[in-house]
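For reference, the chains in residue letters:
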Amino acid sequence: MSSARRGAARGQAWFCTTGLPSDVVFEVQDMSFHLHKFPLMSKSRKIHRMLMEQEEEHPALRQRRRREGSNAGDEGTLQTEIEEAEEAEEEEEQATKEGHTYCIAFPDFPGGPGTFETAAKFCYGVRVELTAWNVGPLRCAAEYLEMTEEHAEDNLAACAEAYLEQTVLRHPGEATKALKSCEELLPHAEELGIVGRCVEAIAARSSAASRSWFDDLAVLGLHMYKRVMAAMAARADVRTEARESCLVSYAKGTIPGLSRSMRRRLASAPVSSEVEQRELLEAVVASLPTVKGSGRVVTAKFLFALLRTAQILRASDAARAALERKAATQLEQATLEDVLIPSYSGATETLYDVDCVERVVRHFLVEEELGEAVASTSAAITEEAAAATTTASRPSAVAMVHVGKLVDSYLAEIASDANLKPAKFCELALALPDHARIYDDGVYRAVDIYLKAHPRLTAEERDRVCRVVDCRKLTVEACTHAAQNERLPLRAVLQVLFFEQLQLRRAITGTLLASSGAPQARHHRHQQQHRSSSSAARQSVDAGEAWRSAAVQDSQVLLLDMDSTRNRVQELEKECSSIKRAIKKIDGRGSAAASPRSEDAADAGEAAADGSSRPASWRSRYGCKFSSQVCDSHARNVVASQASRMGMSP
């Protein structure tokens, strides 16, 4: 028994060094095993039967040769008898000295030479350590060699089956390893039911087990992976999150390039060609959930990584279209790095695939329109249902604003590309509706970068690019920058100044109305405090003291409001003066190119200048100052459609 462990491989031969000469040679693929027949015959019924047949066949062959020789012609009879007698004597002497050596070939042995070596050691009584990787091949080898309990007790088939049921099939990670080992054992593993039991074990325990084993799925081939996913989809007790986790883990482990920070796949993942990788990618895309999930597992980063890899591998048009529609459902969760998909097609000249991002944005808009239509048609009559509908529509508006910021950042990133045409830039900028942008500072920044990177644009192209900016939705900082930006056409600068004056006038009016309505609001607030303090007086003897403390606090707040108002009006006066000087400078510098609309803008500036003298009268009357937040208005009446903006006159 112990001597069997000293087996050594000599070239393509394996010898069992027990001190006794081997009497049987097994040919397993390209390896020869020189063993002894009795240990193997005691455990394997197939080897026992084959050796017995050879022992019965050997003397029969010798007798047949002799009969054939005796029936030969009379001329060579004597010579033939002499040669056969000498040959028989040599064979008898060789058999007496060394004994007879049998030869058995197993060209289709399951598991190959390594599995046969382990099975042979088991026959010699050597302790064999079973693992999830070798239990499948050993179970198939035991069935092939007929090492069953009917032939000998505690045989290899029973040991492998017990380990498979009690250890491997109880944990999905171990079952995955066993399933991988069965890929080289078909159809033997399929006939024994090992493949089916491993697949069902993985599917049944995928939800209850921890996620640490999900990375083991990367070792599976595409065929076995599809069987596992089909089994998980067929079970009602498997959560959607578990299926998505298996999908993401398999994709990251088998498809290279899904993450810019992790270019390597798992070390245990099989190496595949470009065609196999394309097939893997399309299989993963087909397994993506059809409904929009929470985004915790199948994230926007993962979807855009798949889309980028699909461009590299030149996946089918159907797979790329499905990925674009799926990525659009989580566009609001994407980052700028996610949407920067390089252009791998020779037809496009731009550095990034702008067409792909534009298609994703349009898919997102279609999904949002469908969601709003369903919400409006399914609105209930009751107040509770109406409130629920309003609540459900809020995330859509928030998602639209997030997408607007993302598109503006993307435009600013691709604006420096010298091959980006003005039509493509404007098309993507105008793809979003007006309510997607609270302010147009982001798109103004992209326009400024584009004009700086493309100095050879014609006047018409520059004017078209500038029209994507809504001057009424620029903040104070953006307005100040635009008024001093030499790259902008004169028409755009005049529009900025005109709408800045318009918003300035509205801000002044709103501030005055708010100050005039403040005494009424304070009187109403005092009445409410008086009523609340009166009710408290009936419940406590300290109600009068509480009312007096509330009045003192209110007077202190009022004093602070007055001080703040004075400071704000001072800032407002300074802004009015600077705007008036800027308008005069523009009128003096561009009087030759001035249009009737610019005269209107100057008139509007003069009207604002006339109105700027009004706060002085208010200040002399009330002894305070008011300020505004120019271009910081969120009023809905300042938001117009993109189509009307494209036809706006200077």
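Being a predicted model, the structure only gives us computed values, none of them experimental. (Residues numbered from 1 in each chain as written. Predicted model: local features only at pLDDT ≥ 70, side-chain atom pairs only at ≥ 80, totals over all residues. Heavy atoms only, no water.)

**Student:** Can you explain the overall build of the protein? Please cite residues and give values.
**Tutor:** Counting its regular elements, the protein contains 27 helices and five strands. Split into buried and exposed, the 650 residues of the protein put 41% on the buried side. Taking the intrachain contacts of the protein between residues at least 6 apart in sequence as the baseline, contacts between residues at least 24 apart amount to 74%. As presented, the protein carries roughly 35300 Å² of accessible surface, and 53% of it is formed by carbon and sulfur atoms. (Helix = DSSP H or I, 4+ residues; strand = E, 2+ residues; numbered from the N terminus. Buried < 20%, exposed > 50% of the residue type's maximum accessible area, 1.4 Å probe, protein only. Contact = heavy atoms within 4.5 Å. Areas by Shrake-Rupley, 256 points an atom, 1.4 Å probe, with all protein chains shown as cover.)

**Student:** Any details on the pattern of salt bridges? Residues and values, ideally.
**Tutor:** Evaluated as defined, the whole model comprises 26 salt bridges. Note that K301 and D338 form a salt bridge whose closest N and O atoms lie 3.1 Å from each other. Taken together, the positions of K301 in helix α13 (residues 300-313) and D338 in helix α15 (residues 336-339) put the pair 37 residues apart, joining distant regions of the chain. Judged by its relative accessible area of 46%, K301 is partly exposed. Taking relative accessible area as the criterion, D338 reaches 5% and is therefore assigned buried. Through salt bridges with shared partners, a single network forms among R139, E143, E161, E165 and R197. (Salt bridge = Lys/Arg side-chain N within 4 Å of Asp/Glu carboxyl O.)

**Student:** Talk me through the nonpolar core; I want residue IDs and the actual numbers.
**Tutor:** Generally speaking, a soluble globular protein has its nonpolar side chains buried in company with each other. Judged by nonpolar contacts, the single largest core of 122 residues is most densely connected at L179, F302, F304, L331, Y410, L411 and F425. Ignoring sequence-local partners within four residues, the contact set of Y410 consists of L336, V339, L340, Y352, D353, V354, V357 and L428. (Core = buried A, V, L, I, M, F, W, Y, C linked by side-chain atoms within 4.5 Å.)

**Student:** Describe a negative patch on the surface, and please don't skip the residues or the numbers.
**Tutor:** The grouping of E149, E150, E153 and D154 at the surface amounts to a negative patch. Looking at the element boundaries, D154 is found in the loop between α5 (135-145) and α6 (156-168). (Patch = residues over 30% accessible without salt bridge, like charges linked within 9 Å, V, L, I, M, F, W, Y side chains within 5 Å. Lys, Arg positive; Asp, Glu negative; His and termini not counted. Charge placed at Lys NZ, Arg CZ, Asp CG, Glu CD.)

**Student:** Could you give an account of the packing of helix α12 (residues 274-287) against α13, naming the residues involved and the relevant values?
**Tutor:** Look at α12 against α13: their axes get within 10 Å of each other, and the N-to-C directions meet at 145 degrees. Seen from above, α12 lies across α13 with left-handed handedness. When α12 is examined against α13, the residues E274, Q277, R278, L281 and V284 are found in contact with a partner set consisting of L306, T309, A310 and L313. Here the residues of the contact of α12 with α13 are counted per class, giving five nonpolar, two polar and two charged. (Axes fitted to C-alpha atoms, helices over the stretch in contact; angles between N-to-C directions. Left-handed = near helix turned anticlockwise from the far one by under 90°. Nonpolar A, V, L, I, M, F, W, Y, C, P; charged D, E, K, R; others polar.)

**Student:** Could you give an account of the pairing of strand β3 (residues 24-28), naming the residues involved and the relevant values?
**Tutor:** Of all five residues making up β3, four are buried, and the element is well covered by its neighbours. With five bridges connecting them, β3 and strand β4 (residues 31-35) associate as antiparallel partners. In the strand pairing of β4, E27 is matched with S32. Connecting β3 to the next strand, β4, in antiparallel fashion are two residues, including Q29 with a positive phi near 55 degrees. As paired elements, β3 and strand β5 (residues 102-106) share five bridges and run parallel to each other. (Pairing = 2+ DSSP bridges.)

**Student:** Pulling in residues and values, what's your account of the packing of helix α9 (residues 194-204) against helix α10 (residues 222-234)?
**Tutor:** Direction vectors running N to C along α9 and α10 enclose 50 degrees, while the axes themselves pass 9 Å from each other. The orientation of α9 relative to α10 falls into the category oblique. Here the hand of the crossing between α9 and α10 comes out right-handed. For the pair α9 and α10, contact is made by V195, G196, V199, E200, I202 and A203 and by M224, R227, V228, A231 and M232, respectively. (Parallel < 35°, antiparallel > 145°, perpendicular 65-115°, else oblique.)

**Student:** I'd like a rundown of unusual backbone geometry, residues and numbers included.
**Tutor:** Between L186 and the following residue, P187, the backbone shows a cis peptide bond with an omega angle of 5 degrees. Mapped onto the elements of the fold, P187 is located in the loop between α7 (172-181) and α8 (188-191). In this model, E146 sits at a positive phi of 60 degrees, which is unusual for a non-glycine residue. Note that E146 resides in the loop between α5 and α6. The class of E146 is partly exposed, set by a relative accessible area of 23%. Phi is positive for D154, which is not a glycine, with a value near 50 degrees.

**Student:** Describe the side chain of R139, with residues and values.
**Tutor:** Structurally, R139 is set in helix α5. Of note is the side chain of R139, whose polar atom sits 2.7 Å from the side chain of E161. Excluding anything up to four places from it in sequence, R139 contacts A157, A160, E161, L192 and I194. (Polar contact = N/O pair within 3.5 Å; in protein donor to acceptor, adjacent residues only side chain to side chain.)

**Student:** Hey, could you go over the confidence of the model for the protein for me, with residue numbers and the actual values?
**Tutor:** Close inspection of predicted coordinates is inappropriate for parts of the model with low pLDDT. Averaged over all residues, the pLDDT of the protein equals 75, while 65% of them reach at least 70. This model gives residues 1-11 a pLDDT under 50, and the stretch forms 22 contacts once residues within four places in sequence are excluded. (pLDDT = per-residue confidence, 0-100.)

**Student:** Can you lay out the environment of G111 for me, pointing to particular residues and giving the numbers?
**Tutor:** Within the fold, G111 resides in the loop between β5 and α4 (112-123). Once the C-alpha coordinates of G111 and S181 are considered, the two residues, 70 residues apart in sequence, prove to be 8.9 Å apart.

**Student:** An account of helix α18 (residues 422-429) is needed here, citing residue identities and associated values.
**Tutor:** Buried within α18 are the following residues: P422, F425, C426, L428 and A429. Buried positions in α18, seen along its axis, are confined to an arc of 165 degrees and lie on one side of it. (Arc of directions from axis to C-beta.)

**Student:** So, the packing of aromatic side chains: which residues are in play, and what are the values?
**Tutor:** Under the counting rule described, the total for this entry stands at 11 aromatic pairs. Note on F106 and Y144: the rings are 5.6 Å apart at their centroids and 85 degrees apart in plane angle, and the pair reads as edge-to-face. Within this pair, whereas F106 is found in strand β5, its partner Y144 is found in helix α5, the two being separated by 38 residues in sequence. Judged by its relative accessible area of 2%, F106 is buried. On the basis of an interplanar angle of 20 degrees and a centroid distance of 4.7 Å, the ring pair of F425 and Y450 is categorised as stacked. Within this pair, whereas F425 is found in helix α18, its partner Y450 is found in helix α19 (residues 441-453), the two being separated by 25 residues in sequence. Classification of F425 by relative accessible area gives buried; the value is 0%. Of note, K46 hangs over the ring of Y144, and the distance from its end group to the ring centre comes to 3.6 Å. (Phe/Tyr/Trp six-rings, centres within 6.5 Å; stacked < 30°, edge-to-face > 60°. Lys NZ or Arg CZ within 6 Å of the ring centre and 35° of its normal.)

**Student:** I'd like to hear about the environment of L340, residue by residue, with values.
**Tutor:** Following the sequence through the fold, L340 ends up in the loop between α15 and α16 (354-377). We classify L340 as buried; its relative accessible area is 11%. Sequence separation between L340 and L351 is 11 residues; the distance between their C-alpha atoms is 9.5 Å.

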